[in-house]
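Chain by chain, the residues:
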Amino acid sequence: MNKGTTPKTFRIPNDIIADIEKTAKENNTTFSKEGISRLSNKGKENKNIPVILAKTQTIINLCMEGVKKGTIEPIQKAQEVEKKLWAKTMISSK
């Protein structure tokens with residue numbers, strides 16, 4: 001079977017278009033490649049779920065520590081963990 005391409009027209013919400021454009025720019029790729037990557041990965045199992053759950057719990061724990069102590073430092077650390085998790089998630093979704 002020949003793997004060609006076929007142009008199709010469908011409506012995409014503006015916020016998703018903006019997100020795809022932003023991600024494509026960050027990953028130094030094109031809108032089409034990023035969009036195809038997202039469509040191709042839809043419904044596939046994410047093998048990073050255990051890591052994501054562990055990091056999410058770390059973020060929650062750091063936020064709770066900041067609230068209990070009344071300090072901003074643990075919350076800022078939680079934001080750093082979140083940014084790294086987000087970056088890892090976006091890279092692994094390619």
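As a reminder, the structure under discussion sits directly above these lines.
Residues numbered from 1 in each chain as written. Predicted model: local features only at pLDDT ≥ 70, side-chain atom pairs only at ≥ 80, totals over all residues. Heavy atoms only, no water.

J.: Any details on the layout of surface pockets? Residues and values, ideally.
T.: A water-sized probe, rolled over the atoms, reveals where empty space remains. The computed volume of the largest pocket comes to approximately 640 Å³. For the largest pocket, the lining is made up of 17 residues, of which Phe10, Ser32, Gly35, Ile36 and Leu39 are closest to its centre. In terms of residues, the lining of the largest pocket owes the most to one element, helix H2 (residues 31–41), which gives six residues. By residue class, the composition of the lining of the largest pocket is eight nonpolar, six polar and three charged. (1 Å grid on protein atoms, 1.4 Å probe; cavity = no way out; pocket = protein on both sides within 12 Å on 5 of 7 lines; lining within 4 Å. Points joined across faces, edges and corners; volume = space filled by probe spheres on them. Helix = DSSP H or I, 4+ residues; strand = E, 2+ residues; numbered from the N terminus. Nonpolar A, V, L, I, M, F, W, Y, C, P; charged D, E, K, R; others polar.)

J.: Help me get a handle on helix H3 (residues 49–69), residues and values and all.
T.: Taking 1.5 Å of rise per residue, the 21 residues of H3 would be expected to cover 30 Å, and the 30 Å separating its terminal C-alpha atoms lies within 8% of that figure. Where H3 is concerned, the buried positions are Ile59, Leu62 and Gly66. Projected down its long axis, H3 shows its buried positions confined to an angular sector of 65°, all on one face. Opposite its buried face, H3 presents the exposed residues Pro50, Leu53, Val67 and Lys68, each directed more than 90 degrees away. Count one or two residues on from H3 and you reach Gly70, which has phi positive near 70°. (Expected span 1.5 Å × (residues − 1). Buried < 20%, exposed > 50% of the residue type's maximum accessible area, 1.4 Å probe, protein only. Arc of directions from axis to C-beta.)

J.: Run through the nonpolar core, naming residues and quoting values.
T.: Counting residues in each nonpolar core, the largest one holds five residues, listed as Ile59, Leu62, Ala78, Val81 and Leu85. Where this core is concerned, the elements lending two or more residues are H3 and helix H4 (73–92). Per-element tally for this core: the top contributor is H4, with three residues. Apart from the residues lying within four places of it in its own chain, the contact partners of Val81 are Lys55, Ile59 and Leu62. (Core = buried A, V, L, I, M, F, W, Y, C linked by side-chain atoms within 4.5 Å. Contact = heavy atoms within 4.5 Å.)

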